Every structure is written in structure tokens, then in C-alpha cells.
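Coordinates in review
Single-letter residue listing:
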Amino acid sequence: MPPQDLDHRIGDWLRLRDLRIFRAVVESGSMAKAAGRLSITQPAVSQAIAQLEAALKVRLLDRGPRGVALTVYGEALMRRGTEAFDALRQGLRDIEFLANPGAGEIVVGASESHIAGGFLAEIIQSVARAHPQLAVRVVEANTAAVDFHELRDRKLDMMLGRIARDRPDMGEGGDFRADVLFDEEIHIVAGAQNEWVAVPTIDFADLVDHPWILAPEGTAVYELVRRAFQQRGLPEPKVNVTTYSMNLRLQLLMQGPYLTALPSSVVRFNAGRWALTTLPLSLGNPLPVAIVTLRHRTFSPAVRVFIDHARNVTKALRT
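Cut-offs and rules
Residues numbered from 1 in each chain as written. Predicted model: local features only at pLDDT ≥ 70, side-chain atom pairs only at ≥ 80, totals over all residues. Heavy atoms only, no water. Helix = DSSP H or I, 4+ residues; strand = E, 2+ residues; numbered from the N terminus. Expected span 1.5 Å × (residues − 1). Buried < 20%, exposed > 50% of the residue type's maximum accessible area, 1.4 Å probe, protein only. Arc of directions from axis to C-beta. Contact = heavy atoms within 4.5 Å. Polar contact = N/O pair within 3.5 Å; in protein donor to acceptor, adjacent residues only side chain to side chain. 1 Å grid on protein atoms, 1.4 Å probe; cavity = no way out; pocket = protein on both sides within 12 Å on 5 of 7 lines; lining within 4 Å. Points joined across faces, edges and corners; volume = space filled by probe spheres on them. Nonpolar A, V, L, I, M, F, W, Y, C, P; charged D, E, K, R; others polar. Pairing = 2+ DSSP bridges. Axes fitted to C-alpha atoms, helices over the stretch in contact; angles between N-to-C directions. Salt bridge = Lys/Arg side-chain N within 4 Å of Asp/Glu carboxyl O.

Some points on helix α7 (residues 119-130)
In a regular helix each residue adds 1.5 Å, so 12 residues correspond to 16 Å; α7 covers 17 Å between its end C-alpha atoms and thus fits that length. Buried residues of α7: Phe119, Leu120, Ile123, Ser126 and Val127, and no others. End-on view of α7: buried residues confined to an arc of 125°, all on one side of the axis.

Considerations on the environment of asparagine 194
Relative to the helices and strands, asparagine 194 resides in the loop between β7 (186-191) and β8 (212-214). Linking asparagine 194 and threonine 277, residues 83 residues apart in sequence, is a C-alpha distance of 9.1 Å. For asparagine 194, the contacting residues outside a window of four places in its chain are His210, Gly256, Pro257, Tyr258 and Leu259. From its side chain, asparagine 194 meets the backbone oxygen of proline 257 in a polar contact 2.9 Å long. Polar contacts involving the side chain of asparagine 194 include one to the main-chain carbonyl oxygen of tyrosine 258, which spans 3.1 Å.

As for empty space enclosed by the protein
Enumeration over the complete set of coordinates arrives at one cavity of 30 Å³ or more. The calculated volume of the largest cavity comes to roughly 30 Å³. Considering the residues around the largest cavity, the lining is formed by Leu214, Tyr222, Val225, Arg226, Glu236, Pro237 and Val239. Broken down by element, the lining of the largest cavity gets its largest block of residues, three residues, from helix α9 (residues 220-230). Class assignment for the residues of the lining of the largest cavity results in five nonpolar, no polar and two charged.

Some thoughts on the environment of serine 265
Inspection of the secondary structure assignment puts serine 265 in helix α11 (residues 264-274). For serine 265, a relative accessible area of 4% corresponds to the buried category. Taking the C-alpha atoms as reference points, serine 265 and leucine 214, 51 residues apart in sequence, are found 17 Å from one another. For serine 265, the residues in contact, after removing those within four places along its chain, are Gly117, Phe119 and Glu184.

Here's the deal with the layout of surface pockets
The computed volume of the largest pocket comes to approximately 820 Å³. Lining the largest pocket are 42 residues, and of these Arg162, Thr219, Ala220, Val221 and Leu287 lie nearest its centre. For the lining of the largest pocket, the secondary structure elements donating two or more residues are α6 (112-117), α9, α10 (246-255), β10 (259-263) and β12 (287-294). In terms of residue count, α9 provides more of the lining of the largest pocket than any other element does, seven residues in total. Partitioned by chemical class, the residues of the lining of the largest pocket number 22 nonpolar, 11 polar and nine charged. Contributions of two or more residues to the lining of the second largest pocket are made by α2 (16-28), α5 (72-99) and β3 (104-110). Tallied by class, the residues present in the lining of the second largest pocket amount to four nonpolar, two polar and 18 charged.

Things to note about the sheet that holds strand β5 (residues 158-162)
Spatial ordering of the open sheet is given by β4-β3-β5-β12-β6, a layout of five strands whose pairing is mixed. Either end of the sheet is taken by a strand with one partner, and the two such strands are β4 (134-140) and β6 (176-184). This sheet shows a mean twist of 25° between the axes of neighbouring strands, independent of strand direction. Sheet analysis places β3 next to β5, joined by three bridges and oriented parallel. In the strand pairing of β5, valine 108 is matched with methionine 158. Sheet strands in contact with helix α12 (residues 301-318) are β3, β4, β5, β6 and β12, and its direction is about 20° off that of β6.

Some thoughts on the pattern of salt bridges
One pass over the structure, following the stated rule, counts 19 salt bridges. Between arginine 152 and aspartate 175 there is a salt bridge, with its nearest N and O atoms 2.8 Å apart. Note that arginine 152 is positioned in helix α8 (residues 149-152) and aspartate 175 in the loop between β5 and β6, a separation of 23 residues in sequence. When its relative accessible area of 35% is taken as the criterion, arginine 152 is described as partly exposed. For aspartate 175, a relative accessible area of 34% puts it in the partly exposed group.

Considerations on α12
The end-to-end C-alpha distance of α12, which contains 18 residues, comes to 26 Å, matching closely the 26 Å that a straight helix rising 1.5 Å per residue would cover. Of the residues making up α12, those classed as buried are Ala302, Val303, Val305, Phe306, Ile307, His309, Ala310, Val313, Thr314 and Leu317.

Examining the side chain of arginine 23
Note on placement: arginine 23 falls in helix α2. For arginine 23, a relative accessible area of 16% corresponds to the buried category. Discounting residues that sit within four places of it in the chain, arginine 23 has contacts with Met78, Thr82, Phe85 and Arg89.

Points about the sheet that holds β10
The sheet built from five strands is open, its strands ordered β9-β8-β10-β7-β11 with mixed pairing. Both outer strands of the open sheet, β9 (239-242) and β11 (276-282), are each paired with one neighbouring strand and no more. Put simply, the sheet's adjacent strands are angled 40° from each other on average, direction ignored. Sitting on the sheet, α9 is in contact with β7, β8, β9 and β10, with an inclination near 140° to β8. Docked against the sheet, α11 engages β7, β10 and β11, running at close to 120° with respect to β10.

Spelled out as C-alpha cells, the structure:
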């Protein structure tokens, strides 16, 4: 199709309102639910979808008793429509930042260890001192997730956390950009009252039957601990408590006989407050901590500010 014909369709036939309704129908799963979500009538929703399909001359949705499902044409429009709305949002955020330097909003996804551990708080405080009007919205998200769907759906500006070094989607030609801030050691940690704190010489074999607190199986730190024991011909340690909650883990360490594995930044920011002690055992190679972004998404000025402050905080941690 000639470019001028595409421009004609976009300018005269496709309306942002109809695209917004289309996205609401897809996300809600039915026209009735979309109508309620948008506070409009169901006939208005049906009309908007019909107008889109007439303009594009293809069926976008398959209707059924259980709701709607995207056709291959609908999937293409949904994907590109999401990008278009994101670009418009980014444009409005850029204008807001230019009109009022230091203002705007950033949406950051981070793992629980960085939300509660202190590193993210240090970055936010650094940003706030320089740009007090800049809003930071933090969403719990796992950087070990297979597809980074929150980034793909453009619900997050970035994700902060540990990543695998060999992810193919982080390399050249991949969908994501990983800005590695530092390589972080993971320590075996106990509370000050733990019996192992006073023992001068400890071996991994001593800790097999001791109660542990770890995040669920499959997480990077869990696998690091398991591998450290397996490499020494030992069974996996006894995990009595499984949780993502950093606050629960710190409370139990302070009050009970537990051991856990924590990133060095968590220990650095919380050792005094929670009476934490690292045991003299190595869990192996450090794990990279990175800011992950969507490769072909343009950064807003506010996002660039946040990333610059993250780098500055990282430099301070290294000194």
C-alpha cells in the first residue's frame, strides 16, 4: 500500500478514541466489561470496533459466548497501538519535564530484595534531593522473569535487579538493554544471636541441617546456594521458610536460629538495624545487578535522570 494511502487511513479513518476502546476490549476480555471500564454504553463500544474493522477492512476480534479473542490482525494492531499510545505518553512526559524541569514520573519495577534492602531507597533519595518534584512509582517485579512482560507491555520504564549473564534477549539484536551497575556478592547471613556467629571456623557441611530462609526455588539466589552445596558433594540445605518478603526474613534472622543468603547491598544498608552478621563462606561468583529497559523505547528525560543517579549511587557503594 502506498505511504500516502496509509497516511490517509490514519488521518481520516483511525481515531485515538476507537483505538483506546479497542485496547480496553482486549484487556477486559469482552465488550460489556470494556463499556463498564470506560463508563460508556456497550453499543458505543461495538460501534467503535466495527468502525475500526471497516476502516482496516479486516476482522480484528473473534466474538464468542466467552468474550472476544484477537485475530492475527488484531494482534498486530494491539502491539503497534500499545507502542503508539506509549509514544504519546512519553511525549506528554517530555513536555511536562521541559515545561517544569525536574517534574514528571518514573515507573520502576524491582525485586523485593532491592525494594526493602536499601539500594533502591538510596537511589530515590539521591533523585529527590536533586529533583524534589520528580515522582517515582515502584512496582514489585522479578528480573528473573522469562519474558519481562511488564516492560514489553510498557507498564514499566525500567526494571532493577539481578539478571542472568547469558540471556540471549539482552545481547545485540535482543529486545532488552541491560545496563549493568555492579556485580554483587551474595553472603550467607545470620542474626547476631545465631550460634554460628561465635564459631571461628565453619564449613558448608555444618550448615546442611541448620534451618534456612530462602526465596522460592528457581530464583537466582536459591540456585546459587543449592549449587554451592552440590559442588561440595553435599545435600541441599534444609529450607524451613520460603518467602520473597525481605522484612519477614530480617525479622526471623533477628529473632531465631535461621540462616539466609543476602546481597551485599542489603547487608550494607541493614546490618546495624537488624544485627546481621555475614559468615566466612563464599557462595561463588557475584551476580550482576542491572537496570533493564526496552531496547527500542526512547528514554524520557526523567528516566535518564533516574539512571544517572543510579550510576552515581553505585559509584558511592564501590568507594
